Amino acid sequence: MSVTSAVSSDYNSGLSNVPIEHQFNPYSDNGGTVLGIAGEDFAILAGDTRHTTGYSINSRYEPKVFSVGDELLITANGFAADGDALVKRFRNQLKWYHFDHKKNLTIKSAARFIQHLLYGKRFFPYYVHTIIAGLDEEGKGAVYSFDPVGSYEREQCRAGGGAASLIMPFLDNQVNFKNQMDPDSNGTAKKELKYLKLDEVISLVRDAFSSATERHINVGDGLEILIVTKDGVRTEYYPLKKD
């Protein structure tokens, strides 16, 4: 279908047929930011609780990080409907895994299974940044991050969501010690890589989200941190700015 409309410019003042375009976008970005950090004997997932559409705040408490059982943590941040669908599907398949195999799902197997879930939807993908965290077979913290179609890798830390570009350089410097030099070497040797303690990680996460809240309108209201250790999973909550 087309209509006749006037096209005004410095070079042409005539009439032309311009088609009417109808567009539908099935995706929406509901804001928020998440991150995962692996420690020597723990792992954490953290996310803010603000849910937005454009410049509107839909909810000030919409959790983005979940404990799904077997001491596994998962977040799927981006389009909230897709994130909820992915988490629900994984929880359902985890129950079937218990029924079929009578054992817990390891973090390594969970990462591989989520890769299958994401790749199976590659032609109409889940519009989310997925991160999972847990303890590996040796009891060490493990964090796996995924792109929307299933490519994944194990990392020491990873941020995703609206303020990821603000937080990830901070994590690279403070967790991976990138661009840090040993102070005793007069700037000639890199700082030795080591695991951070849990209280240090929590302090870093709080600082990262406090800074992101100051600079990104889609991040704020509350910070929810899930921590997995050999003793299980616990949750910590801290308020963030609401404006």
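Please refer to the structure higher up on the page.
So, here's what we can say about the structure. (Residues numbered from 1 in each chain as written. Predicted model: local features only at pLDDT ≥ 70, side-chain atom pairs only at ≥ 80, totals over all residues. Heavy atoms only, no water.)

### Focus: helix 4 (residues 198–215)
The end-to-end C-alpha separation of helix 4 is 26 Å, in line with the 26 Å expected for 18 residues at 1.5 Å each. Every buried residue belonging to helix 4 is among Val-201, Ile-202, Leu-204, Val-205, Ala-208, Phe-209, Ala-212 and Thr-213, and all of these are buried. One side of helix 4 holds all its buried residues, which, seen down the axis, span an arc of 165°. For helix 4, the exposed residues set more than 90 degrees away from the buried face come down to Asp-199 and Glu-214. Packing partners of the buried residues in helix 4 comprise strand 3 (33–38), strand 4 (43–48), helix 3 (164–174), strand 13 (222–229) and strand 14 (232–239). (Helix = DSSP H or I, 4+ residues; strand = E, 2+ residues; numbered from the N terminus. Expected span 1.5 Å × (residues − 1). Buried < 20%, exposed > 50% of the residue type's maximum accessible area, 1.4 Å probe, protein only. Arc of directions from axis to C-beta. Contact = heavy atoms within 4.5 Å.)

### Observations regarding the packing of helix 3 against helix 4
When two helices pack together, you describe them by how their axes are tilted relative to each other and by the distance separating the axes. Put simply, helix 3 and helix 4 touch, their axes get as near as 10 Å, and they point 155° apart. In terms of their interaxial angle, helix 3 and helix 4 are classed as roughly antiparallel. The hand of the helix 3/helix 4 crossing is right-handed. Side by side, helix 3 and helix 4 meet where Leu-166, Ile-167, Phe-170 and Gln-174 of the first sit next to Leu-204, Ala-208, Ala-212 and Arg-215 of the second. (Axes fitted to C-alpha atoms, helices over the stretch in contact; angles between N-to-C directions. Parallel < 35°, antiparallel > 145°, perpendicular 65-115°, else oblique. Left-handed = near helix turned anticlockwise from the far one by under 90°.)

### Quick word on the side chain of Asn-77
Structurally, Asn-77 is set in strand 8 (residues 72–78). On the basis of relative accessibility, which here comes to 6%, the residue Asn-77 falls in the buried class. In terms of polar contacts, Asn-77 uses its side chain to reach the backbone carbonyl oxygen of Gly-32, at 3.2 Å. Those residues within four positions of Asn-77 in sequence are excluded, and the remaining contacts are Gly-31, Gly-32, Thr-33, Val-34, Lys-64, Tyr-127, Val-128, His-129, Gly-160 and Gly-161. (Polar contact = N/O pair within 3.5 Å; in protein donor to acceptor, adjacent residues only side chain to side chain.)

### Describing the nonpolar core
Grouped together as the largest cluster of nonpolar side chains are 28 residues, with contacts concentrated most on Leu-35, Ile-37, Leu-171, Val-205 and Ile-225. At the level of elements, strand 3, strand 4, strand 12 (157–161), helix 3, helix 4 and strand 13 are the ones that each hand at least two residues to this core. Among the elements that make up this core, the one with the highest residue count is helix 4 (7 residues). Counting residues in each nonpolar core, the second largest holds 21 residues, with Ile-74, Leu-94, Ala-111 and Val-128 among its members. (Core = buried A, V, L, I, M, F, W, Y, C linked by side-chain atoms within 4.5 Å.)

### Topic: the pairing of strand 3
Judged by how many residues are buried, strand 3 sits mostly within the fold: 6 of 6 residues are covered. The alternating pattern of strand 3 places Thr-33, Leu-35 and Ile-37 on one face and Val-34, Gly-36 and Ala-38 on the opposite face, and all of these are buried. A loop of 4 residues connects strand 3 with strand 4, the two strands running antiparallel in sequence. (Pairing = 2+ DSSP bridges.)

### Observations regarding the pattern of salt bridges
Throughout the structure, instances matching the rule amount to 9 salt bridges. Here Lys-241 and Glu-214 are joined by a salt bridge, their closest N and O atoms 3.3 Å apart. Note that Lys-241 is positioned in the segment after strand 14 and Glu-214 in helix 4, a separation of 27 residues in sequence. Given the relative accessible area of 35%, Lys-241 is considered partly exposed. (Salt bridge = Lys/Arg side-chain N within 4 Å of Asp/Glu carboxyl O.)

### Comments concerning the packing of helix 1 (residues 80–101) against helix 2 (residues 107–120)
Where helix 1 contacts helix 2, the two axes come as close as 11 Å, and the packing angle between them is 125°. One element, helix 1, and the other, helix 2, form an angle in the oblique class. The two elements helix 1 and helix 2 meet at a crossing, and its hand is right-handed. Along the contact surface, helix 1 presents Leu-86, Arg-89, Phe-90 and Gln-93, while helix 2 presents Ala-110, Phe-113, Ile-114, Leu-117 and Leu-118.

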